[in-house]
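# Structural overview
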Amino acid sequence: GLGGGTPSLEQKEAHQTNGVVLPPVMAVPVDSLASPDRQQLVEFLEPDQEGVEVVVLESRANAKGVREEDALLENGSQSTESDDISTDQGPVPPSPLKETSFSIGLQVLFPFLLAGFGTVAAGMVLDIVQHWDVFKYVTEVFILVPALLGLKGNLEMTLASRLSTAANIGHMDTPKELWKMIMGNMALIQVQATVVGFLASIAAVIFGWIPDGHFSIGHAILLCASSVATAFIASLVLGMIMIGVIIGSRKIGINPDNVATPIAASLGDLITLALLSGISWGLYIELEDKPYVNPLVCAFFIALLPLWIIIAKRNPVTREVLYSGWEPVIIAMAISSVGGLILDKTVSDPNFAGMAVFTPVINGVGGNLVAVQASRISTYLHMSGMPGESSEKAPRKCPSPCNTFFSSDVNSRSVRVLFLLVVPGHLVFLYTISSMQGGHTTLTLIFIVFYMTAALLQVLILLYIADWMVHWMWGRGLDPDNFSIPYLTALGDLLGTGLLALSFHILWLIGDRDTDVGD
(Lines give C-alpha, C1' and ligand atoms only; values in the text may rest on other atoms or scores of the structure.)
Protein backbone atom coordinates (compact mmCIF):
# COMPACT_ATOMS: atom_id res chain seq x y z
CA GLY A 1 0.00 0.00 0.00
CA LEU A 2 1.17 3.57 -0.50
CA GLY A 3 1.17 6.06 2.35
CA GLY A 4 -0.93 4.02 4.76
CA GLY A 5 1.02 1.35 6.57
CA THR A 6 -0.01 -1.05 9.31
CA PRO A 7 -0.59 0.07 12.91
CA SER A 8 2.72 -1.41 14.06
CA LEU A 9 4.54 0.55 11.38
CA GLU A 10 2.72 3.70 12.39
CA GLN A 11 3.85 3.16 15.96
CA LYS A 12 7.42 2.86 14.74
CA GLU A 13 6.86 6.10 12.90
CA ALA A 14 5.60 7.80 16.04
CA HIS A 15 8.58 6.78 18.15
CA GLN A 16 11.43 7.43 15.75
CA THR A 17 11.95 10.61 13.81
CA ASN A 18 15.28 10.11 12.20
CA GLY A 19 15.09 7.25 9.67
CA VAL A 20 14.52 3.68 10.82
CA VAL A 21 16.84 0.84 9.92
CA LEU A 22 15.56 -2.69 10.55
CA PRO A 23 16.98 -5.91 9.02
CA PRO A 24 14.96 -6.25 5.78
CA VAL A 25 14.55 -2.50 5.70
CA MET A 26 16.31 0.02 3.56
CA ALA A 27 16.30 3.62 4.82
CA VAL A 28 16.14 6.20 2.07
CA PRO A 29 17.71 9.59 2.88
CA VAL A 30 15.05 12.26 2.92
CA ASP A 31 17.12 14.64 0.82
CA SER A 32 16.80 12.40 -2.22
CA LEU A 33 13.03 12.78 -2.25
CA ALA A 34 10.73 15.61 -3.10
CA SER A 35 9.76 17.24 0.18
CA PRO A 36 6.50 15.63 1.30
CA ASP A 37 4.05 17.66 3.30
CA ARG A 38 3.95 15.31 6.24
CA GLN A 39 5.59 12.17 7.52
CA GLN A 40 5.16 9.43 4.98
CA LEU A 41 5.54 5.74 5.24
CA VAL A 42 6.02 3.88 1.97
CA GLU A 43 6.41 0.14 1.90
CA PHE A 44 7.14 -2.07 -1.06
CA LEU A 45 6.48 -5.77 -0.62
CA GLU A 46 7.79 -7.82 -3.51
CA PRO A 47 5.52 -10.80 -4.22
CA ASP A 48 7.93 -13.73 -4.04
CA GLN A 49 10.85 -12.44 -1.98
CA GLU A 50 11.25 -11.56 1.65
CA GLY A 51 9.64 -8.24 2.35
CA VAL A 52 11.86 -5.33 1.48
CA GLU A 53 10.53 -2.15 3.05
CA VAL A 54 11.61 1.29 2.10
CA VAL A 55 10.82 3.45 5.09
CA VAL A 56 10.78 7.16 4.45
CA LEU A 57 10.44 8.90 7.74
CA GLU A 58 10.64 12.60 7.68
CA SER A 59 10.53 14.27 11.05
CA ARG A 60 7.94 16.99 11.29
CA ALA A 61 10.78 19.34 12.09
CA ASN A 62 12.57 18.57 8.85
CA ALA A 63 9.38 18.90 6.85
CA LYS A 64 9.13 22.33 8.33
CA GLY A 65 12.71 23.21 7.51
CA VAL A 66 12.21 22.35 3.86
CA ARG A 67 8.85 24.02 3.52
CA GLU A 68 9.06 27.01 5.77
CA GLU A 69 10.66 30.28 4.90
CA ASP A 70 9.45 32.35 7.80
CA ALA A 71 10.77 30.27 10.64
CA LEU A 72 13.46 31.02 13.20
CA LEU A 73 16.97 31.46 12.00
CA GLU A 74 19.98 29.26 12.44
CA ASN A 75 23.38 30.79 11.66
CA GLY A 76 24.68 29.71 8.29
CA SER A 77 27.69 28.07 9.88
CA GLN A 78 25.51 25.99 12.17
CA SER A 79 23.31 24.74 9.36
CA THR A 80 26.30 23.75 7.19
CA GLU A 81 27.81 21.91 10.14
CA SER A 82 24.62 19.98 10.57
CA ASP A 83 24.66 19.11 6.85
CA ASP A 84 28.20 17.72 7.20
CA ILE A 85 27.24 15.44 10.05
CA SER A 86 24.09 14.33 8.28
CA THR A 87 25.79 11.27 6.76
CA ASP A 88 25.86 9.51 10.11
CA GLN A 89 22.76 11.13 11.58
CA GLY A 90 20.11 10.30 9.01
CA PRO A 91 17.93 13.22 7.89
CA VAL A 92 19.31 16.70 8.44
CA PRO A 93 17.92 18.84 11.25
CA PRO A 94 15.89 21.81 10.00
CA SER A 95 17.86 24.71 8.58
CA PRO A 96 15.24 27.46 8.40
CA LEU A 97 15.71 30.76 6.65
CA LYS A 98 17.88 33.26 8.48
CA GLU A 99 16.04 35.95 10.37
CA THR A 100 18.16 39.04 10.94
CA SER A 101 17.78 41.31 13.95
CA PHE A 102 16.25 43.85 11.57
CA SER A 103 13.62 41.45 10.22
CA ILE A 104 12.71 40.30 13.75
CA GLY A 105 12.39 43.94 14.85
CA LEU A 106 10.31 44.85 11.81
CA GLN A 107 7.91 41.93 12.26
CA VAL A 108 7.53 42.53 16.00
CA LEU A 109 7.34 46.35 15.87
CA PHE A 110 3.93 46.87 14.30
CA PRO A 111 2.06 44.34 16.49
CA PHE A 112 4.00 45.63 19.53
CA LEU A 113 2.85 49.22 18.92
CA LEU A 114 -0.69 47.98 18.22
CA ALA A 115 -0.63 46.05 21.50
CA GLY A 116 0.70 49.10 23.34
CA PHE A 117 -2.07 51.33 22.03
CA GLY A 118 -4.52 48.62 23.06
CA THR A 119 -3.23 48.81 26.63
CA VAL A 120 -3.31 52.64 26.54
CA ALA A 121 -6.96 52.45 25.46
CA ALA A 122 -7.62 49.94 28.27
CA GLY A 123 -6.08 52.37 30.77
CA MET A 124 -8.35 55.13 29.48
CA VAL A 125 -11.43 52.88 29.75
CA LEU A 126 -10.51 52.02 33.35
CA ASP A 127 -10.10 55.73 34.06
CA ILE A 128 -13.66 56.40 32.83
CA VAL A 129 -15.56 53.41 34.23
CA GLN A 130 -14.18 53.75 37.76
CA HIS A 131 -16.80 56.46 38.28
CA TRP A 132 -19.73 54.17 37.33
CA ASP A 133 -22.14 53.06 40.05
CA VAL A 134 -21.24 49.37 39.77
CA PHE A 135 -17.54 50.16 40.37
CA LYS A 136 -18.42 52.44 43.28
CA TYR A 137 -20.82 50.14 45.11
CA VAL A 138 -19.44 46.70 44.13
CA THR A 139 -15.76 47.60 44.52
CA GLU A 140 -14.68 43.94 44.17
CA VAL A 141 -15.10 44.37 40.40
CA PHE A 142 -11.69 46.10 40.52
CA ILE A 143 -10.12 42.89 41.83
CA LEU A 144 -11.56 41.05 38.80
CA VAL A 145 -9.82 43.44 36.38
CA PRO A 146 -6.22 42.09 36.53
CA ALA A 147 -7.41 38.48 36.88
CA LEU A 148 -9.55 38.70 33.72
CA LEU A 149 -6.98 40.72 31.78
CA GLY A 150 -4.46 38.07 32.83
CA LEU A 151 -6.83 35.34 31.69
CA LYS A 152 -6.77 36.88 28.24
CA GLY A 153 -2.99 36.68 28.33
CA ASN A 154 -3.03 33.10 29.49
CA LEU A 155 -5.67 31.61 27.20
CA GLU A 156 -5.31 33.64 24.02
CA MET A 157 -1.52 33.78 24.12
CA THR A 158 -1.14 30.04 24.79
CA LEU A 159 -3.68 29.44 22.00
CA ALA A 160 -1.68 31.70 19.67
CA SER A 161 1.57 30.04 20.68
CA ARG A 162 0.12 26.50 20.22
CA LEU A 163 -1.34 27.34 16.82
CA SER A 164 1.84 29.16 15.67
CA THR A 165 3.88 26.08 16.54
CA ALA A 166 1.36 23.79 14.79
CA ALA A 167 1.38 26.05 11.71
CA ASN A 168 5.18 26.27 11.67
CA ILE A 169 5.71 22.50 11.87
CA GLY A 170 3.08 21.80 9.22
CA HIS A 171 0.14 20.51 11.25
CA MET A 172 -2.37 22.92 9.70
CA ASP A 173 -1.73 22.50 6.01
CA THR A 174 -4.77 20.52 4.89
CA PRO A 175 -8.31 21.89 5.44
CA LYS A 176 -9.23 18.79 7.49
CA GLU A 177 -6.30 19.21 9.90
CA LEU A 178 -6.93 22.94 10.09
CA TRP A 179 -10.60 22.48 11.01
CA LYS A 180 -9.71 19.84 13.61
CA MET A 181 -7.15 22.14 15.26
CA ILE A 182 -9.59 25.07 15.27
CA MET A 183 -12.50 23.16 16.78
CA GLY A 184 -10.40 21.49 19.47
CA ASN A 185 -8.62 24.70 20.48
CA MET A 186 -11.77 26.86 20.56
CA ALA A 187 -13.60 24.33 22.74
CA LEU A 188 -10.57 24.09 25.01
CA ILE A 189 -10.33 27.83 25.68
CA GLN A 190 -14.07 27.99 26.39
CA VAL A 191 -13.64 25.33 29.10
CA GLN A 192 -10.64 27.15 30.57
CA ALA A 193 -12.31 30.58 30.38
CA THR A 194 -15.50 29.42 32.12
CA VAL A 195 -13.69 27.65 34.94
CA VAL A 196 -11.07 30.35 35.51
CA GLY A 197 -13.71 33.10 35.28
CA PHE A 198 -15.66 31.32 38.01
CA LEU A 199 -12.56 30.90 40.21
CA ALA A 200 -11.56 34.55 39.65
CA SER A 201 -14.94 35.69 40.95
CA ILE A 202 -14.49 33.54 44.07
CA ALA A 203 -11.04 35.09 44.60
CA ALA A 204 -12.52 38.59 44.21
CA VAL A 205 -15.30 37.81 46.72
CA ILE A 206 -12.74 36.50 49.25
CA PHE A 207 -10.31 39.40 48.74
CA GLY A 208 -13.17 41.89 49.06
CA TRP A 209 -14.69 40.19 52.08
CA ILE A 210 -11.53 39.78 54.22
CA PRO A 211 -10.66 43.51 54.64
CA ASP A 212 -14.25 44.78 54.99
CA GLY A 213 -15.75 41.86 56.88
CA HIS A 214 -19.21 42.14 55.31
CA PHE A 215 -20.56 39.76 52.69
CA SER A 216 -23.41 40.32 50.23
CA ILE A 217 -24.75 37.26 48.41
CA GLY A 218 -26.29 39.46 45.69
CA HIS A 219 -22.92 41.07 44.98
CA ALA A 220 -21.19 37.68 45.02
CA ILE A 221 -23.56 36.30 42.35
CA LEU A 222 -23.20 39.54 40.35
CA LEU A 223 -19.40 39.09 40.39
CA CYS A 224 -19.72 35.45 39.37
CA ALA A 225 -22.08 36.20 36.46
CA SER A 226 -20.01 39.17 35.23
CA SER A 227 -16.75 37.25 35.46
CA VAL A 228 -17.93 34.06 33.73
CA ALA A 229 -19.81 35.91 30.98
CA THR A 230 -16.88 38.27 30.32
CA ALA A 231 -14.33 35.44 30.23
CA PHE A 232 -16.51 33.35 27.92
CA ILE A 233 -17.41 36.05 25.38
CA ALA A 234 -13.91 37.60 25.35
CA SER A 235 -12.32 34.19 24.73
CA LEU A 236 -14.75 33.41 21.93
CA VAL A 237 -14.14 36.72 20.12
CA LEU A 238 -10.37 36.73 20.67
CA GLY A 239 -10.00 33.05 19.75
CA MET A 240 -11.63 33.67 16.38
CA ILE A 241 -9.44 36.75 15.75
CA MET A 242 -6.31 34.75 16.70
CA ILE A 243 -7.10 31.92 14.31
CA GLY A 244 -7.66 34.44 11.52
CA VAL A 245 -4.35 36.19 12.25
CA ILE A 246 -2.36 32.92 12.27
CA ILE A 247 -3.86 31.58 9.03
CA GLY A 248 -3.42 35.03 7.45
CA SER A 249 0.22 35.38 8.47
CA ARG A 250 0.96 31.90 7.09
CA LYS A 251 -0.56 32.92 3.75
CA ILE A 252 1.46 36.17 3.60
CA GLY A 253 4.61 34.34 4.69
CA ILE A 254 5.50 35.99 8.00
CA ASN A 255 6.27 34.09 11.20
CA PRO A 256 2.99 33.81 13.20
CA ASP A 257 5.03 33.76 16.45
CA ASN A 258 6.03 37.40 15.95
CA VAL A 259 2.55 38.65 15.14
CA ALA A 260 -0.11 36.56 16.85
CA THR A 261 0.71 37.01 20.54
CA PRO A 262 0.94 40.84 20.53
CA ILE A 263 -2.30 41.16 18.56
CA ALA A 264 -4.01 38.83 21.05
CA ALA A 265 -2.70 41.07 23.81
CA SER A 266 -3.65 44.40 22.26
CA LEU A 267 -7.24 43.52 21.49
CA GLY A 268 -7.53 41.39 24.61
CA ASP A 269 -7.12 44.18 27.16
CA LEU A 270 -9.56 46.47 25.45
CA ILE A 271 -12.23 43.87 24.62
CA THR A 272 -12.06 42.28 28.09
CA LEU A 273 -12.30 45.59 29.98
CA ALA A 274 -15.12 46.88 27.78
CA LEU A 275 -17.06 43.62 28.19
CA LEU A 276 -16.49 43.50 31.96
CA SER A 277 -17.66 47.11 32.39
CA GLY A 278 -20.68 46.68 30.14
CA ILE A 279 -21.81 43.30 31.49
CA SER A 280 -21.34 44.17 35.18
CA TRP A 281 -23.16 47.50 34.65
CA GLY A 282 -26.08 45.76 32.89
CA LEU A 283 -26.35 43.05 35.55
CA TYR A 284 -26.10 45.66 38.34
CA ILE A 285 -29.13 47.47 36.91
CA GLU A 286 -31.09 44.19 36.83
CA LEU A 287 -30.09 43.38 40.42
CA GLU A 288 -32.88 45.53 41.88
CA ASP A 289 -35.90 44.55 39.77
CA LYS A 290 -35.01 41.07 38.45
CA PRO A 291 -32.76 39.34 40.96
CA TYR A 292 -33.11 35.99 39.10
CA VAL A 293 -31.13 37.25 36.05
CA ASN A 294 -27.67 36.94 37.63
CA PRO A 295 -27.98 33.30 38.79
CA LEU A 296 -29.46 32.41 35.37
CA VAL A 297 -26.48 33.91 33.54
CA CYS A 298 -24.11 31.94 35.81
CA ALA A 299 -26.03 28.69 35.30
CA PHE A 300 -26.22 29.12 31.51
CA PHE A 301 -22.47 29.38 30.94
CA ILE A 302 -21.65 26.62 33.43
CA ALA A 303 -24.24 24.31 31.78
CA LEU A 304 -22.37 24.64 28.46
CA LEU A 305 -19.18 23.18 29.99
CA PRO A 306 -19.82 19.47 29.21
CA LEU A 307 -20.33 20.28 25.51
CA TRP A 308 -16.96 22.05 25.23
CA ILE A 309 -15.23 19.26 27.16
CA ILE A 310 -16.57 16.61 24.73
CA ILE A 311 -15.36 18.60 21.68
CA ALA A 312 -11.93 19.33 23.20
CA LYS A 313 -11.40 15.65 24.08
CA ARG A 314 -11.65 14.61 20.44
CA ASN A 315 -8.37 16.29 19.43
CA PRO A 316 -5.21 14.64 20.89
CA VAL A 317 -3.35 17.97 21.28
CA THR A 318 -6.16 19.69 23.17
CA ARG A 319 -7.01 16.53 25.13
CA GLU A 320 -3.58 16.65 26.73
CA VAL A 321 -3.99 20.33 27.67
CA LEU A 322 -7.49 19.61 29.00
CA TYR A 323 -5.98 17.23 31.55
CA SER A 324 -2.66 18.94 32.28
CA GLY A 325 -3.05 22.62 31.36
CA TRP A 326 -4.91 23.80 34.46
CA GLU A 327 -2.16 24.40 36.96
CA PRO A 328 -0.43 27.31 35.13
CA VAL A 329 -3.68 29.11 34.26
CA ILE A 330 -5.07 28.91 37.81
CA ILE A 331 -1.78 29.79 39.54
CA ALA A 332 -1.34 32.69 37.10
CA MET A 333 -4.84 33.94 37.99
CA ALA A 334 -3.87 33.88 41.68
CA ILE A 335 -0.61 35.79 40.97
CA SER A 336 -2.54 38.39 38.94
CA SER A 337 -5.07 38.79 41.76
CA VAL A 338 -2.23 39.66 44.14
CA GLY A 339 -1.15 42.29 41.60
CA GLY A 340 -4.75 43.51 41.64
CA LEU A 341 -4.64 43.83 45.41
CA ILE A 342 -1.48 46.00 45.18
CA LEU A 343 -3.20 48.13 42.52
CA ASP A 344 -6.35 48.42 44.63
CA LYS A 345 -4.46 49.52 47.76
CA THR A 346 -2.21 51.98 45.88
CA VAL A 347 -4.89 53.64 43.74
CA SER A 348 -7.25 54.04 46.70
CA ASP A 349 -4.64 56.40 48.27
CA PRO A 350 -5.44 59.82 46.72
CA ASN A 351 -1.71 60.64 46.61
CA PHE A 352 -1.18 57.85 44.08
CA ALA A 353 -4.36 58.21 42.03
CA GLY A 354 -2.24 58.87 38.94
CA MET A 355 -1.00 55.29 38.86
CA ALA A 356 -4.23 53.73 37.51
CA VAL A 357 -3.82 54.79 33.89
CA PHE A 358 -0.20 53.53 33.62
CA THR A 359 -0.74 50.09 35.16
CA PRO A 360 -2.34 48.35 32.13
CA VAL A 361 0.37 49.88 29.91
CA ILE A 362 3.44 48.74 31.86
CA ASN A 363 1.89 45.30 32.53
CA GLY A 364 0.75 44.89 28.94
CA VAL A 365 4.04 45.87 27.32
CA GLY A 366 6.09 43.58 29.59
CA GLY A 367 3.70 40.67 29.07
CA ASN A 368 3.63 41.11 25.27
CA LEU A 369 7.40 41.19 24.86
CA VAL A 370 8.02 38.17 27.06
CA ALA A 371 5.22 36.21 25.37
CA VAL A 372 6.82 36.79 21.95
CA GLN A 373 10.16 35.55 23.28
CA ALA A 374 8.68 32.48 25.02
CA SER A 375 6.74 31.56 21.88
CA ARG A 376 9.89 31.90 19.72
CA ILE A 377 12.09 29.76 22.02
CA SER A 378 9.32 27.16 22.15
CA THR A 379 9.04 26.95 18.35
CA TYR A 380 12.85 26.75 18.11
CA LEU A 381 12.91 23.79 20.52
CA HIS A 382 9.93 22.07 18.84
CA MET A 383 11.94 21.99 15.62
CA SER A 384 14.49 19.67 17.27
CA GLY A 385 12.02 17.10 18.61
CA MET A 386 9.49 16.63 21.37
CA PRO A 387 9.41 18.02 24.95
CA GLY A 388 11.57 15.98 27.31
CA GLU A 389 13.95 14.75 24.62
CA SER A 390 17.45 15.66 25.71
CA SER A 391 18.81 17.95 23.06
CA GLU A 392 21.88 20.14 23.01
CA LYS A 393 19.51 23.06 22.36
CA ALA A 394 17.94 22.75 25.79
CA PRO A 395 20.39 23.22 28.67
CA ARG A 396 18.80 22.26 32.00
CA LYS A 397 20.90 24.49 34.21
CA CYS A 398 20.12 28.15 34.84
CA PRO A 399 21.50 30.18 31.89
CA SER A 400 24.04 32.91 32.60
CA PRO A 401 22.78 36.47 31.89
CA CYS A 402 25.62 36.79 29.33
CA ASN A 403 24.25 33.81 27.37
CA THR A 404 20.71 35.15 27.50
CA PHE A 405 21.51 38.69 26.40
CA PHE A 406 24.84 38.71 24.54
CA SER A 407 25.46 35.38 22.78
CA SER A 408 25.28 35.04 18.98
CA ASP A 409 22.43 32.54 18.78
CA VAL A 410 18.96 33.24 17.44
CA ASN A 411 17.10 33.60 20.75
CA SER A 412 19.70 35.94 22.22
CA ARG A 413 19.39 38.14 19.15
CA SER A 414 15.62 38.41 19.56
CA VAL A 415 16.07 39.19 23.30
CA ARG A 416 18.21 42.20 22.35
CA VAL A 417 15.69 43.36 19.74
CA LEU A 418 12.75 43.07 22.19
CA PHE A 419 14.67 44.82 24.98
CA LEU A 420 15.51 47.74 22.67
CA LEU A 421 11.80 48.22 21.93
CA VAL A 422 10.99 49.04 25.59
CA VAL A 423 12.12 52.68 25.84
CA PRO A 424 10.92 54.03 22.45
CA GLY A 425 7.67 52.09 22.88
CA HIS A 426 6.93 53.48 26.34
CA LEU A 427 7.84 57.02 25.24
CA VAL A 428 5.24 56.79 22.47
CA PHE A 429 2.61 55.42 24.90
CA LEU A 430 3.36 58.05 27.58
CA TYR A 431 3.08 60.79 24.96
CA THR A 432 -0.25 59.32 23.79
CA ILE A 433 -1.61 59.26 27.35
CA SER A 434 -0.56 62.84 28.07
CA SER A 435 -1.87 64.16 24.74
CA MET A 436 -5.24 62.52 25.45
CA GLN A 437 -5.11 64.00 28.96
CA GLY A 438 -5.50 60.63 30.62
CA GLY A 439 -4.70 60.10 34.27
CA HIS A 440 -3.68 62.73 36.81
CA THR A 441 0.05 62.87 36.18
CA THR A 442 2.23 65.58 34.61
CA LEU A 443 5.08 63.97 32.69
CA THR A 444 8.17 65.58 34.25
CA LEU A 445 11.66 64.36 33.38
CA ILE A 446 12.18 62.76 36.80
CA PHE A 447 8.87 60.87 36.50
CA ILE A 448 9.83 59.55 33.04
CA VAL A 449 13.24 58.39 34.38
CA PHE A 450 11.62 56.46 37.25
CA TYR A 451 8.90 55.04 34.99
CA MET A 452 11.47 53.86 32.39
CA THR A 453 13.65 52.32 35.11
CA ALA A 454 10.66 50.32 36.38
CA ALA A 455 9.73 49.23 32.82
CA LEU A 456 13.29 48.22 31.84
CA LEU A 457 13.83 46.33 35.07
CA GLN A 458 10.52 44.49 34.61
CA VAL A 459 11.33 43.42 31.01
CA LEU A 460 14.94 42.52 31.87
CA ILE A 461 13.80 40.18 34.67
CA LEU A 462 11.01 38.70 32.53
CA LEU A 463 13.22 37.95 29.49
CA TYR A 464 15.82 36.26 31.70
CA ILE A 465 13.16 34.19 33.51
CA ALA A 466 11.64 33.25 30.12
CA ASP A 467 14.98 31.91 28.85
CA TRP A 468 15.39 29.75 31.93
CA MET A 469 11.73 28.69 32.32
CA VAL A 470 11.08 27.55 28.73
CA HIS A 471 14.22 25.38 28.66
CA TRP A 472 13.54 24.04 32.14
CA MET A 473 9.95 23.04 31.23
CA TRP A 474 11.19 21.49 27.99
CA GLY A 475 13.70 19.40 29.94
CA ARG A 476 10.91 18.26 32.29
CA GLY A 477 8.83 17.08 29.32
CA LEU A 478 6.25 19.88 29.59
CA ASP A 479 5.18 21.75 26.45
CA PRO A 480 6.29 25.38 27.02
CA ASP A 481 3.52 26.64 24.70
CA ASN A 482 0.95 25.63 27.32
CA PHE A 483 2.89 26.17 30.54
CA SER A 484 5.31 29.09 30.32
CA ILE A 485 3.25 32.01 29.01
CA PRO A 486 0.63 32.06 31.82
CA TYR A 487 3.35 32.22 34.49
CA LEU A 488 5.34 34.82 32.57
CA THR A 489 2.41 37.19 31.90
CA ALA A 490 1.21 36.90 35.51
CA LEU A 491 4.74 37.65 36.74
CA GLY A 492 4.71 40.61 34.34
CA ASP A 493 1.54 41.90 36.03
CA LEU A 494 2.97 41.45 39.50
CA LEU A 495 6.40 42.96 38.69
CA GLY A 496 4.90 45.83 36.68
CA THR A 497 2.36 46.79 39.35
CA GLY A 498 4.89 46.36 42.18
CA LEU A 499 7.71 48.32 40.52
CA LEU A 500 5.31 51.08 39.41
CA ALA A 501 3.88 51.41 42.92
CA LEU A 502 7.45 51.50 44.27
CA SER A 503 8.52 54.27 41.88
CA PHE A 504 5.45 56.33 42.79
CA HIS A 505 6.30 55.91 46.48
CA ILE A 506 9.94 56.91 45.91
CA LEU A 507 8.87 59.93 43.85
CA TRP A 508 6.58 60.92 46.71
CA LEU A 509 9.37 60.52 49.27
CA ILE A 510 11.97 62.57 47.33
CA GLY A 511 9.44 65.38 47.15
CA ASP A 512 8.32 65.27 43.51
CA ARG A 513 4.76 65.72 44.72
CA ASP A 514 2.50 68.49 43.55
CA THR A 515 3.28 68.63 39.85
CA ASP A 516 3.54 64.95 39.36
CA VAL A 517 2.35 62.15 41.51
CA GLY A 518 -0.73 63.50 43.20
CA ASP A 519 -4.10 64.34 41.73
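Residues numbered from 1 in each chain as written. Predicted model: local features only at pLDDT ≥ 70, side-chain atom pairs only at ≥ 80, totals over all residues. Heavy atoms only, no water.

Looking only at helices and strands, the protein chain has 20 helices and 2 strands in total. Burial statistics for the protein chain: of 519 residues in total, 54% are counted as buried. When contacts within the protein chain are restricted to residue pairs at least 6 apart in sequence, long-range pairs at least 24 apart make up 84% of them. Surface summary for the protein chain: the accessible area is close to 21900 Å², and the carbon and sulfur share equals 67%. (Helix = DSSP H or I, 4+ residues; strand = E, 2+ residues; numbered from the N terminus. Buried < 20%, exposed > 50% of the residue type's maximum accessible area, 1.4 Å probe, protein only. Contact = heavy atoms within 4.5 Å. Areas by Shrake-Rupley, 256 points an atom, 1.4 Å probe, with all protein chains shown as cover.)

Here the focus is a positive patch on the surface. Together, Lys176, Lys180, Lys313 and Arg319 make up a region of like positive charge exposed at the surface. Along the chain, the position of Arg319 falls in helix α12 (residues 316-324). (Patch = residues over 30% accessible without salt bridge, like charges linked within 9 Å, V, L, I, M, F, W, Y side chains within 5 Å. Salt bridge = Lys/Arg side-chain N within 4 Å of Asp/Glu carboxyl O. Lys, Arg positive; Asp, Glu negative; His and termini not counted. Charge placed at Lys NZ, Arg CZ, Asp CG, Glu CD.)

Turning our attention to the environment of Thr272. Within the secondary structure, Thr272 sits in helix α9 (residues 256-289). On the basis of relative accessibility, which here comes to 4%, the residue Thr272 falls in the buried class. Taking the C-alpha atoms as reference points, Thr272 and Ile233, separated by 39 residues in sequence, lie 8.6 Å from one another.

For the pair helix α14 (residues 359-382) and helix α16 (residues 410-420), the least separation of the axes is 10 Å and the interaxial angle reads 170°. Classified by the angle between their axes, α14 and α16 sit roughly antiparallel to one another. Of α16, the residues touching α14 (which contributes Leu369, Val372, Gln373, Arg376, Ile377 and Tyr380) are Val410, Asn411, Ser414, Val415 and Leu418. When its residues are assigned to classes, the contact of α14 with α16 shows 7 nonpolar, 3 polar and 1 charged. (Axes fitted to C-alpha atoms, helices over the stretch in contact; angles between N-to-C directions. Parallel < 35°, antiparallel > 145°, perpendicular 65-115°, else oblique. Nonpolar A, V, L, I, M, F, W, Y, C, P; charged D, E, K, R; others polar.)

Let us look at the packing of helix α13 (residues 326-347) against helix α19 (residues 480-509). The contact between α13 and α19 brings their axes to 8 Å, and the two run at 10°. With respect to α19, the axis of α13 lies roughly parallel. Packed against α13, whose contacting residues are Glu327, Pro328, Val329, Ile331, Ala332, Ile335, Ser336, Val338, Gly339, Ile342, Leu343 and Thr346, the element α19 presents Asn482, Phe483, Pro486, Tyr487, Ala490, Leu491, Asp493, Leu494, Thr497 and Ala501 at the interface. By residue class, the composition of the contact of α13 with α19 is 15 nonpolar, 5 polar and 2 charged.

Turning next to α13. Given a rise of 1.5 Å per residue, 22 residues ought to cover 32 Å, and the 31 Å separating the end C-alpha atoms of α13 matches this to within 8%. Within α13, the full set of buried residues consists of Trp326, Pro328, Val329, Ala332, Met333, Ile335, Ser336, Ser337, Gly339, Gly340, Leu343 and Thr346. (Expected span 1.5 Å × (residues − 1).)

Here we come to the side chain of Asp467. Examined against the element boundaries, Asp467 turns out to sit in helix α18 (residues 445-475). Excluding residues that lie within four positions of it along the chain, Asp467 makes contacts with Ile377, Pro399 and Thr404.

Looking now at the environment of Leu430. Summarising the element assignment, Leu430 is placed in helix α17 (residues 422-435). Given a relative accessible area of 3%, Leu430 falls into the buried group. Separated by 13 residues in sequence, Leu430 and Leu443 place their C-alpha atoms 8.0 Å apart. Setting aside anything within four residues of it in sequence, one finds Leu430 in contact with Phe358, Leu443, Ile448, Tyr451 and Met452.

Inspection of the entire model under this criterion finds 12 aromatic pairs. Aromatic pair Phe117 and Phe429: ring centres 5.4 Å apart, planes at 85°, arrangement edge-to-face. Within this pair, whereas Phe117 is found in helix α4 (residues 101-129), its partner Phe429 is found in helix α17, the two being separated by 312 residues in sequence. With relative accessibility at 0%, the residue Phe429 sits in the buried group. (Phe/Tyr/Trp six-rings, centres within 6.5 Å; stacked < 30°, edge-to-face > 60°.)

Take the confidence of the model for the protein chain next. On average, residues of the protein chain score 74 in pLDDT, and 75% of them reach the 70 mark or higher. Here residues 1-97 is a poorly scored stretch, pLDDT under 50, and it has 143 contacts once near neighbours within four places are set aside; other chains count. Taken together, the stretch residues 514-519 has pLDDT below 50 and engages in 19 contacts with residues farther than four places along the chain or on a different chain. (pLDDT = per-residue confidence, 0-100.)

Moving on: the nonpolar core. Residues Val134, Val138, Val141, Leu144, Leu151, Leu163 and Met242 are the most contacted members of the largest nonpolar core, which totals 69 residues. By size, the runner-up hydrophobic cluster in this structure holds 36 residues, among which are Val108, Val415, Leu421 and Val459. (Core = buried A, V, L, I, M, F, W, Y, C linked by side-chain atoms within 4.5 Å.)

A few words now on a nonpolar patch on the surface. Where nonpolar side chains cluster on the molecular surface, the patch consists of Phe198, Ile202, Ile206, Trp209, Ile210, Phe215, Ile217 and Ile302 and spans about 760 Å² of accessible area. Among the elements that take part in the nonpolar patch, helix α7 (residues 175-212) stands out by supplying 5 residues, more than any other. Counting through the fold element by element, Phe215 comes out in the loop between α7 and α8 (217-252).

What follows concerns the environment of Ile243. Checked against the element boundaries, Ile243 lands in helix α8. With 57 residues separating them along the chain, Ile243 and Met186 place their C-alpha atoms 9.3 Å apart. Residues within four places of Ile243 in sequence aside, it is in contact with Leu163, Ile182 and Met186.

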